[in-house]
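Summary of structural features
Residue strings, one per chain:
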Amino acid sequence: MTKTNIPSSPFKNPSRETCENIIRKILMTEVLQQGKNNHFKHASDFMGYFESLYPASSGLTKQVQRAVRSLNFPKDENGYFIVNKTSKQLKQEAELKSAFQMASVSPLVLTEYTPVFLSAKPSLCPYLKELIQNAITFQEKILTIAETSNGLLLYTNQPKELEKLCHSLLKD
C-alpha cells in the first residue's frame, strides 16, 4: 500500500495571536458602532469573516476556537462576548449595583449647592461634626458635612441662612 501525499494549501492559516487580534478588532468595531456586542457569542460567529480572508478548513476553525478560548472574554446576560471589561470588573459592578440598590443611592449634582467652610481646630472637628449632624437646627440647612485638615466643609442650598446660624452661635 502506497501512501499518497496530499499537497498542502498554498495559504497558511493565521496564527492564534493573529486570530486574537482580528477578533478583538471585530468586537471593538462592533462596540464602537453599536454601543455593545449584539452579534458574537461563539467562535463560529467569527468564521464568516475569517473565511473571507483565508480558505475554509478545519485547521482555520480550530485556530479561531483556540483564539476565542485564549481571549477568555466574559459574557453578558444574553451570552454575547464583552470585549471592554474583565470578569473581575463585571463582578465588581454587580456587587456595586446590589449595594447601590440596598442603599437607595441617588446621585446628586452639587452645582446647586454652595460649600461653606468652618475653620476649626482639627482635634475638635470630629466632635463638632457629630454635634452639627445631630442638631435639629442644622438638619434642613446642610446636605453633607466632611472633616478637612483644618475645619469642616458643609454643602448647603441655604448658604445665607447657614452663615447667619453659625454667626449666631459665635456670639456671647
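The present account deals with the structure reproduced in this document.

Cut-offs applied
As a convention, each chain's residues are numbered from 1 in the sequence order in which they are written. Per-residue local features of the predicted model are confined to residues with pLDDT of at least 70, and side-chain atom pairs are confined, for both listing and counting, to 80 or more; whole-chain, interface and lining totals are unaffected and use all residues. Hydrogens and water molecules were not included; the side-chain quantities draw on all heavy atoms of the structure. Residues belong to one nonpolar core when they are buried, are Ala, Val, Leu, Ile, Met, Phe, Trp, Tyr or Cys, and are joined through side-chain atoms within 4.5 Å. For every residue, the accessible area (1.4 Å probe, protein chains only) is compared with the maximum for its type, and the residue is labelled buried under 20%, exposed over 50%, or partly exposed between those bounds. Per the convention used, a helix needs a DSSP run of H or I reaching at least four residues, while a strand needs a run of E reaching at least two, with both numbered from the N terminus. Any two residues whose heavy atoms approach within 4.5 Å at even a single point are treated as in contact. A residue counts as positive if it is Lys or Arg and as negative if it is Asp or Glu; His and the chain ends are not included. Any carboxyl oxygen of Asp or Glu that lies within 4 Å of a side-chain nitrogen of Lys or Arg is treated as forming a salt bridge with it. Paired strands are those between which DSSP finds at least two bridges. Each axis is a line fitted through C-alpha atoms, taken for helices only over the stretch in contact, and angles between the N-to-C directions span 0 to 180 degrees.

Attention now moves to the nonpolar core. In this structure, I23, L27, F46, F50, V64, F73 and F81 are the most contacted members of the largest nonpolar core, which totals 20 residues. Taken together, the elements giving at least two residues each to this core come down to α1 (16–34), α2 (47–53) and α3 (58–71). Considering each element in turn, this core owes the most residues, six residues, to α1. The residues contacting F50, other than those within four sequence positions of it, are C19, I22, I23, L60 and V64. The next biggest cluster of nonpolar side chains, apart from the first, holds 12 residues, and it includes A120, I132, L162 and C166.

The next subject is the side chain of E30. The residue E30 is located in helix α1 in this model. Look at E30: it is buried, it has no salt bridge, and the nearest opposite charge is K36 at 9.6 Å.

Moving on to the sheet that holds strand β3 (residues 151–156). If you walk across this open sheet you meet the three strands as β1-β3-β2, and the pairing is antiparallel. Looking along the sheet, the strands with just one partner apiece sit at the ends: β1 (114–119) and β2 (144–148). For this sheet, the mean angle separating the axes of adjacent strands, direction not counted, is 20 degrees. Here β1 runs beside β3; their pairing, made up of six bridges, is antiparallel. By the bridge assignment, P115 is partnered in β3 with Y155.

Moving on: unusual backbone geometry. Even without glycine at this site, N72 takes up a positive phi of about 50 degrees. Within the secondary structure, N72 is located in the loop between α3 and α4 (87–102). According to the relative accessible area criterion, N72 is exposed, its value standing at 57%. At S104, a residue that is not glycine, the phi angle is positive and equals roughly 50 degrees. Inspection of the secondary structure assignment puts S104 in the loop between α4 and β1.

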